[in-house]
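# Reading the structure
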Amino acid sequence: MKQLIFFLFLSCGSLVAQKSDQQINWLSWEELEEALTENPKKTLVFFPADWCAYCKKIDRVVFTKPEVIAKVNRDFYAVRMNAETTDTITFDGKVFTNPLAKTQRNAVHQLAALLGSREDREFSLPVTLIFDKQFNVKRRIFEYYTSSELLKYLNQ
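Structural notes, computed from the coordinates. Per chain, residues are indexed from 1 in the order of the written sequence. Whole-chain, interface and lining totals are the exception, using all residues; otherwise, since this is a predicted model, local features are given only for residues with pLDDT of at least 70 and side-chain atom pairs are given and counted only at 80 or more. As a rule here, side-chain values cover all heavy atoms of the structure and leave hydrogens and water aside.

### What about the pattern of salt bridges?
Test applied: Whenever a carboxyl oxygen of Asp or Glu lies within 4 Å of a side-chain nitrogen of Lys or Arg, that contact is scored as a salt bridge. A run of DSSP states H or I qualifies as a helix once it reaches four residues; a run of E qualifies as a strand once it reaches two. Both are numbered from the N-terminal end. Relative accessibility under 20% of the residue-type maximum defines a buried residue, over 50% an exposed one, and the middle range a partly exposed one, all with a 1.4 Å probe and only protein chains included.
Tallied over the full model, the rule gives 3 salt bridges. Across the pair lysine 71 and aspartate 75 runs a salt bridge whose closest N-O atoms are separated by 2.6 Å. On the criterion of helical spacing, the pair formed by lysine 71 and aspartate 75 is a turn pair, its members being 4 residues apart in helix H4 (residues 66-75). Classification of lysine 71 as buried rests on a relative accessible area of 11%. Close ionic contact of aspartate 75 with arginine 74 constitutes a salt bridge, the shortest N to O distance being 3.4 Å.

### Quick notes on the side chain of lysine 71
Under the convention used in this document: Between N or O atoms, a polar contact is any pair within 3.5 Å; within protein, one atom must be a potential hydrogen donor and the other a potential acceptor, and residues adjacent in sequence are included only when both atoms are from side chains. Throughout, a contact is declared for two residues whenever any of their heavy atoms are within 4.5 Å.
Within the structure, the side chain of lysine 71 is placed 2.6 Å from the side chain of aspartate 75, a separation counted as a polar contact. Here lysine 71 is in contact with Phe76, Leu151, Leu154 and Asn155, once residues within four sequence places are set aside.

### A word on the packing of H4 against helix H6 (residues 147-154)
Short version of the rule: Only C-alpha atoms enter the line fits that serve as axes; for helices the fit covers just the stretch in contact. Angles between N-to-C directions range over 0 to 180 degrees. Orientation labels follow simple angle bins: below 35 degrees gives roughly parallel, above 145 gives roughly antiparallel, 65 to 115 gives roughly perpendicular, and whatever is left gives oblique. The crossing is said to be left-handed when, going from far helix to near helix, the turn is anticlockwise and less than a right angle, and right-handed when the turn is clockwise. When residue character is reported, Ala, Val, Leu, Ile, Met, Phe, Trp, Tyr, Cys and Pro are called nonpolar, Asp, Glu, Lys and Arg charged, and the others, Gly included, polar.
The N-to-C vectors of H4 and H6 enclose an angle of 20°; their axes lie 10 Å apart at closest approach. Considered as vectors, H4 and H6 are oriented roughly parallel to each other. Along this stretch, H4 crosses H6, giving a crossing that reads as left-handed. Where H4 approaches H6, its residues Glu67, Val68, Lys71 and Val72 are matched on the opposing element by Ser147, Leu150, Leu151 and Leu154. Its residues placed into classes, the contact of H4 with H6 shows 5 nonpolar, 1 polar and 2 charged.

Structure, rendered in structure tokens:
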């Protein structure tokens, strides 16, 4: 009986370990900057917000697919940043904040607004950006997408 319990304990432990490997390796902006300096690589940036239903669906449905996780972790650096965060972020020698957060509901962080805005349109979520190895914007996605659609974008 003790052997059975011990076996189950080990099995559950290995399942938990496997499960934790099955996620995208999200970096902070500071980690991204360091990684790009050491080893340039394509980058995926995802800007969600707590209230955004499509953002939550992308997190739940798209970013949990093994093929998406494998592709992103193998070929990309990935950054996930709440578009409304109040954190101060230093990237590329510049400091970005969210000064409107004190006076405005759902205020967009400066970095999210800079990278995720479109001409003649209000900032809207979800926003996903794909950068090349030189950190030039390759694709900007402003709508929900499936895992197969994301894989197509990542393979271009």
